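# Chains, contacts and geometry: an overview
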Amino acid sequence: MIIVMGSRDQDDVDRVIRKIEEFGYKAHVILGVERTVIGAVGDERGKARLQSLESLPGVERVVPILKPFKLAGRELKREDTQIRVGSVEIGAGRFCVMAGPCSVEGREQILETARIVKEAGAGVLRGGAYKPRTSPYSFQGLEEEGLHLLQEAREATGLPFVTEVMTPEQVELVEEHADILQIGARNMQNFGLLKQVGRARKPVFLKRGMMSTVNELLMSAEYVMSEGNLDVILCERGIRTFETETRNTLDLSAVPMLKKLSHLPVVVDPSHGTGHWDLVAPMAKAAVAAGADGLMIEVHPHPEDAFSDGSQSLKPGRFRTLMEELKPFLEIAGKTL
Ligand code: PEP
Ligand code: MN
C-alpha cells in the first residue's frame, strides 16, 4: 500500500510509520518535492487494516501498489534513482561505462586494462575474480588474489570496481574489497544469495538471467531491496533464443520496458549479449538510443590470449574509438558521462 501524505508535518508522518510497523509491515518513506509518500511493504493479506490509516491526521489517501515489485517499481517512487559509487553517479541523466576484462588474470593484465579504460573515459573497472564457468575444468578465477589485484588497480587509477560474487558465503569478503557486487546471470534467482547481498552495504549489479523475464528480474531486485539494500543496478545481458549466430539475443526492448516499470538504473552488456567483439559497438550505440543508463563492456589488452571471453572482448584501440563514437549518441539522449 502507498500512503500519500497531504501534510509534511513530521509528527503526522511518524504516527503513520508507527501504525504501519504495528501492523507488521515495513515502512519506506519517500520525500518527494511535492509530497511525502510512505510505502507499507509486507504480506498482501493485511491490506484492509492499512486502508484504515486514511483516518489518521495528515493522510490524504491510501492506495494499493498494483505491481508485485513494490520497492523496485515506479508506483512507489516515480523519479529515477541515481546510484553513487565514490564520485561516480549512475542513472538519472548520468551515464556510466563499466569496462575491463572478463576475468582478472594477473597483475600486469588488470593494471594495464584499468589504465586503458580509465584514460578512455570509463567510470568503473570490471573484472571477475570468481568466475561462473560452464565447465568445471575451465579457469575458475584468481578468487581472493583477484580481489587484491582489483584493489591495486583501483589504487593506481582511482576507478571503483565491480566484481561477481557467486555464493552467500563469499559476500562478506567480496563486500570488503569491491565497490559494486555483481550477481551473474546464472545466479539471478539464487534467492539466498540475493538476500545476502540485500544485507550488504555496497550497490548490487544484477544481471538478467538468460532464461528470465523482465518481471522475474524485477522480482529478484525486490529480493535485494526488501532486505534493506536499495542500491540496485539492473543489467540486460542477452537472453537465450533459437538464434545461434549470436551467443545470446540482446533484448534491447527490455531497456525501455524496465525504465517504464522501475526507477532503477539500467545498464546494457553488449559483450555477453552478442558474444562477438564486432557487434559490441553497434549494440552499445543502440543501447544508448534505447535509454540505457550505462554499459558494461569487456576489454582486454590481448583478447587472443584471454582466459575467458576473448572473442567478445574489445582491444584497447577499439574501446577508445567506441567511447568517442558514443558521444553524439549520449548528447542526443541527454546523458552525460
Ligand atoms: C561476466 O560478466 O563476465 C559474466 C559471467 O556475465 P553473465 O553472468 O552475464 O554471464
Ligand atoms: Mn565474461
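Computed from a predicted structure; not experimentally measured. (Residues numbered from 1 in each chain as written. Chains lettered and ligands numbered in written order. Predicted model: local features only at pLDDT ≥ 70, side-chain atom pairs only at ≥ 80, totals over all residues. Heavy atoms only, no water.)

### Notes on the packing of helix H7 (residues 214-226) against helix H8 (residues 254-261)
Across the interface, H7 lies against H8 with an axial gap of 11 Å and an inter-helix angle of 45°. The pairing of H7 with H8 is recorded here as oblique in orientation. Considering the relative orientation of H7 and H8, their crossing is right-handed. Together, Val 214, Leu 217 and Leu 218 of H7 and Ala 254, Met 257, Leu 258 and Leu 261 of H8 make up the contact between the two elements. (Axes fitted to C-alpha atoms, helices over the stretch in contact; angles between N-to-C directions. Helix = DSSP H or I, 4+ residues; strand = E, 2+ residues; numbered from the N terminus. Parallel < 35°, antiparallel > 145°, perpendicular 65-115°, else oblique. Left-handed = near helix turned anticlockwise from the far one by under 90°. Contact = heavy atoms within 4.5 Å.)

### Digging into the nonpolar core
Ranked by internal contacts, the top residues of the largest apolar core, which has 74 residues, are Leu 125, Leu 206, Leu 234 and Phe 319. With six residues, the top contributor of residues to this core is H7. Looking at this core, you find at least three residues from each of domain 1 (2-63) and domain 2 (83-333). Discounting residues that sit within four places of it in the chain, Leu 125 has contacts with Ala 99, Gly 100, Ile 110, Ala 114, Val 117, Leu 150, Ala 153, Leu 159, Pro 160, Phe 161 and Val 162. Residues Ile 38, Ala 40, Leu 53 and Val 59 belong to the second largest nonpolar core, which totals 16 residues. (Core = buried A, V, L, I, M, F, W, Y, C linked by side-chain atoms within 4.5 Å. Buried < 20%, exposed > 50% of the residue type's maximum accessible area, 1.4 Å probe, protein only. Domains from an automatic or database assignment.)

### Some details on unusual backbone geometry
Positive phi values are uncommon outside glycine, yet Glu 143 reaches one of about 55°. Within the fold, Glu 143 resides in the loop between strand E8 (124-126) and helix H4 (144-157). Residues other than glycine seldom take positive phi values, yet Asp 309 does so here, at roughly 55°.

### Considerations on the site of ligand 1
Close to ligand 1 lie 13 residues, the nearest being Arg 126, Ala 185, Arg 186, Lys 207 and Arg 237. Between an oxygen atom of ligand 1 and a side-chain N or O atom of Arg 237, the distance comes to 2.6 Å. The fraction of the free accessible surface of ligand 1 (290 Å²) that becomes covered by protein chains is 97%. At a threshold of 2 Å from the grid points, most atoms of ligand 1 map onto the second largest pocket. Grouping the amino acids of the shell around ligand 1 by side-chain chemistry returns three nonpolar, three polar and seven charged. (Near = heavy atom within 4 Å. Polar contact = N/O pair within 3.5 Å; in protein donor to acceptor, adjacent residues only side chain to side chain. Areas by Shrake-Rupley, 256 points an atom, 1.4 Å probe, with all protein chains shown as cover. 1 Å grid on protein atoms, 1.4 Å probe; cavity = no way out; pocket = protein on both sides within 12 Å on 5 of 7 lines; lining within 4 Å. Sits in = over half its atoms within 2 Å of the grid points. Nonpolar A, V, L, I, M, F, W, Y, C, P; charged D, E, K, R; others polar.)

### Regarding the coordination of the manganese ion (ligand 2)
With distances of 2.0 to 2.4 Å, the protein atoms coordinating the manganese ion (ligand 2) are Cys 102 (SG), His 272 (NE2), Glu 298 (OE) and Asp 309 (OD). Positions of the donor residues of the manganese ion (ligand 2) along the chain correspond to the pattern C-x169-H-x25-E-x10-D. Taken as a pair, His 272 in helix H9 (residues 270-274) and Asp 309 in the loop between strand E14 (294-298) and helix H11 (316-333) lie far apart in primary sequence, 37 residues in all. In terms of burial, His 272 and Asp 309 fall into one category: buried. (Donors = N, O, S within 2.8 Å, 3.2 Å for Na, K, Ca; no water.)

### A closer look at the packing of aromatic side chains
In this description, an aromatic ring pair is defined by two values, namely the gap between the centres and the angle between the planes. In total, this model carries two aromatic pairs according to the counting rule given. For the ring pair Phe 191 and Tyr 223, a centre distance of 4.5 Å and an interplane angle of 25° mean the geometry is stacked. Note that Phe 191 is positioned in helix H6 (residues 191-198) and Tyr 223 in helix H7, a separation of 32 residues in sequence. The residue whose ring lies beneath Arg 318 is Trp 277, and the NZ or CZ to ring-centre distance is 3.8 Å. (Phe/Tyr/Trp six-rings, centres within 6.5 Å; stacked < 30°, edge-to-face > 60°. Lys NZ or Arg CZ within 6 Å of the ring centre and 35° of its normal.)

### As for the domain arrangement of the protein chain
Under the domain assignment, the protein chain is made up of domain 1 (2-63) and domain 2 (83-333). Relative to domain 2, the C-alpha centre of domain 1 lies at a distance of 36 Å.

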